[in-house]
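For reference, the chains in residue letters:
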Amino acid sequence: MKLATWNINSLSVRLPQVLDWLAANPVDVLALQELKMTDDKFPADAFQAAGYSSQWFGQKTYNGVALLTRTPATEVVKNIPGFDDDMARVITGTVEGVRVIGAYFPNGQAPGTDKFEYKMEWLKGLRHWVKAELERHPQLVLMGDYNITFDDLDVWDPEGMREQIHCTEDERYHLRALIALGLHDSYRLFDQPAKSYSWWDYRDFGFRRNRGMRIDHILISNALKDKATACTIDKTPRSNERPSDHTPVVLTLN
DNA sequence: ATGCCTCAGCTCCTGAGA
């Protein structure tokens, strides 16, 4: 089983690239973030023609998430039960016995802002819900755009980014708290190239200079850890015309 | 640099992203 996550920064713009990528990478599950479209605009027919069933949860202009799956997802839940939110950030479903949560974590803008406070509350709400989901579904994958780095290895300029957004101790505390529920950063279960990132700024030739951050993650539960055989970042789509600023992360389970 | 790109939309500028 292969699962992947990709923040595509507007599905309207990136649909051809997603279809091309799926044709070259026929994963079983693809979680998308930042659809930036209302639900009536979602191209379910195009994905169906490519062999994928879709579940989606969008809104106008911002956010929006989807799960594309080879076999239809069941027990689908949108957003975090018990956490009141007017943004479309989470979609969950069960696929071939695995509980899959696709999430677009809040950006947070900057420490000290209202958006940062919202990010902290959202992270708390997510953790409480994931804890409950883990009890019901031991085989669980939590993947998406986390907008948080684990540590300096995930940052091109750790000193310059110290206590900046995506790199603060407050954010990393919540990431570690998710791990403490019994989850693992699947990417670090394997040897990886130095300076591996999943996002690069559009500005200032960020990708060409490899000035990026690893903020897209696939966390897996204890029950799945021994089944994981590889986790990779696919930088190929970043060389497309009009690329997303994020690239896919891919997990292989046996 | 409160910039640099890119995207959506109450679209020719602004807000937001990261």
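Preceding this section is the structure that the text describes.
All residue numbers refer to position in the chain's written sequence, counted from 1. Chains and ligands are labelled sequentially in the order written, the chains with letters from A and the ligands with numbers from 1. The model is predicted, so local features are restricted to residues of pLDDT at least 70 and side-chain atom pairs to those at 80 or more, both for listing and for counting; the totals for chains, interfaces and linings are taken over all residues.

Trainee: Mind laying out the environment of Pro-106, listing which residues take part and the relevant values?
Mentor: Considering the arrangement of structural elements, one finds Pro-106 in the loop between β7 (98-104) and α3 (114-136). Here the C-beta atoms are placed from the backbone, and a residue counts as buried if at least 20 other C-beta atoms lie within 10 Å of its own, exposed if 12 or fewer do, and partly exposed otherwise. With 23 C-beta atoms counted inside 10 Å, the residue Pro-106 sits in the buried group. Through-space distance from the C-alpha of Pro-106 to that of Thr-71 is 29 Å; in sequence the pair is 35 residues apart. Excluding residues within four positions of it along the chain, Pro-106 makes contact with Lys-115, Tyr-118, Lys-119, Trp-122 and Asn-147. Per the convention used, a helix needs a DSSP run of H or I reaching at least four residues, while a strand needs a run of E reaching at least two, with both numbered from the N terminus. By the criterion used throughout, residues are in contact when their C-beta atoms, derived from the backbone, lie within 7 Å.

Trainee: With reference to specific residues and values, describe helix α4 (residues 169-179).
Mentor: For α4, the set of buried residues is Glu-171, Leu-175 and Leu-178. Buried residues in α4, looked at end-on, bunch into an arc of 55 degrees, giving them a common side. What points out from α4, more than 90 degrees from its buried face, is the exposed set Glu-169, Tyr-173 and Arg-176. Buried residues along α4 sit against α3, β9 (183-185) and β12 (216-221). To be clear, the arc concerns the directions from the helix axis to the C-beta atoms.

Trainee: Could you give me a rundown of the packing of α3 against α4, with the residues and numbers involved?
Mentor: A fitted line through C-alpha atoms serves as each axis, taken over the contacting stretch for helices, and the angle formed by two N-to-C directions is quoted from 0 to 180°. Running from amino to carboxyl end, α3 crosses α4 at an angle of 5 degrees, the nearest separation of the two axes being 10 Å. The orientation of α3 with respect to α4, classified from their angle, is roughly parallel. Residue-level inspection shows Met-120, Leu-123, Arg-127 and Val-130 of α3 in contact with α4, the latter providing Asp-170, His-174, Ala-177 and Leu-178. Note that Gly is not counted as nonpolar here; it falls among the polar residues with everything else outside the nonpolar set of Ala, Val, Leu, Ile, Met, Phe, Trp, Tyr, Cys and Pro and the charged set of Asp, Glu, Lys and Arg. Of the residues belonging to the contact of α3 with α4, the class tally is 5 nonpolar, 1 polar and 2 charged. For this classification, under 35 degrees means roughly parallel, over 145 means roughly antiparallel, 65 to 115 means roughly perpendicular, and everything else is oblique.

Trainee: Any chance you could break down the sheet that holds strand β8 (residues 140-145) for me, citing the residues and the numbers?
Mentor: Read from one edge to the other, the open sheet built from 6 strands follows the order β5-β6-β7-β8-β12-β9, with strand pairing classed as mixed. The sheet terminates laterally at β5 (74-78) and β9, the two strands that pair on one side only. Within this sheet the neighbouring strands show an average axis-to-axis angle of 20 degrees, counted without direction. Two strands qualify as a pair provided DSSP detects at least 2 bridges between them. Direction of pairing for β8 relative to β12: antiparallel, over a ladder of 5 bridges.

Trainee: Report on the environment of Asp-40, specifying residues and quantitative values.
Mentor: Note on placement: Asp-40 falls in the loop between β2 (29-33) and α2 (44-49). The spatial distance from the C-alpha of Asp-40 to the C-alpha of Gly-58 is 8.9 Å, given a sequence separation of 18 residues.

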